[in-house]
Amino acid sequence: MIYTLNAPMLDFLVLTVIEQGDAYGYQISQILKKVSNAKDSTLYPVLKRLQENGWVEAYDRPFQGRNRRYYHMTETGQQHQRELLEEWKWFREAIEEIVSGGNSDGEQG
């Protein structure tokens, strides 16, 4: 199932991809297509925001006669990604509870 992702979720997913190893824009966009119908052009404002917040840094590397821009996570970005991961775990557990028929006040219904 494909969902529309909001800005915090996009930040989380992009940071998680980069946390696994430096990555370039098209590479990141292809990974995100597994869970989102977001256009490739949506990714670049996200990457710019992540840079402006100091969570990632960009560098260029030659590839087949042109430069390819890679993104590398900073220490601050690693910390932010861990915070977002904890929020994601809480959210996922809350969704699972709803899907399994429970609700937030502990009553079955």
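Owing to the predicted nature of the structure, the values given are computational and were not obtained by experimental measurement.

Asks: Honestly, the nonpolar core in this entry has me stumped. Any pointers?
Replies: Nonpolar side chains in soluble globular proteins generally cluster together in the buried interior. In terms of nonpolar packing, the biggest core is built from 19 residues, with Val 14, Leu 15, Ile 18, Ile 28, Leu 47 and Leu 50 touching the most fellow members. Elements with a contribution of two residues or more to this core: helix H1 (7–19), helix H2 (25–32), helix H3 (40–52) and strand E3 (66–73). Considering every element that reaches this core, the biggest residue donor is H1, with seven residues. Leave out the neighbours within four places in its chain, and Leu 50 touches Asp 11, Val 14, Leu 15, Trp 55 and Val 56.

Asks: Sorry if this is basic, but what is going on with the pairing of strand E2 (residues 56–63) here?
Replies: The side chains of a regular strand alternate, first on one face of the sheet and then on the other. As paired elements, E2 and E3 share eight bridges and run antiparallel to each other. Of the residues in E3, the one forming a bridge with Tyr 59 is Tyr 70.

Asks: I would appreciate a short explanation of helix H4 (residues 75–99) in the present structure.
Replies: Residue pairs spaced three or four apart in an α-helix point in one direction, given the helix's 3.6 residues per turn. Helix length check: H4, at 25 residues, gives a terminal C-alpha distance of 36 Å against a target of 36 Å (1.5 Å per residue), a fit within 8%. What H4 keeps buried is the set Gly 77, His 80, Gln 81 and Leu 84. Along its buried surface, H4 packs onto H1 and E3. Positioned one or two residues after H4, Gly 101 has a phi angle of 100 degrees, which is positive.

Procedures and definitions
Residues numbered from 1 in each chain as written. Predicted model: local features only at pLDDT ≥ 70, side-chain atom pairs only at ≥ 80, totals over all residues. Heavy atoms only, no water. Core = buried A, V, L, I, M, F, W, Y, C linked by side-chain atoms within 4.5 Å. Buried < 20%, exposed > 50% of the residue type's maximum accessible area, 1.4 Å probe, protein only. Helix = DSSP H or I, 4+ residues; strand = E, 2+ residues; numbered from the N terminus. Contact = heavy atoms within 4.5 Å. Pairing = 2+ DSSP bridges. Expected span 1.5 Å × (residues − 1).

In short, shape yes, function no, at least from these values alone.
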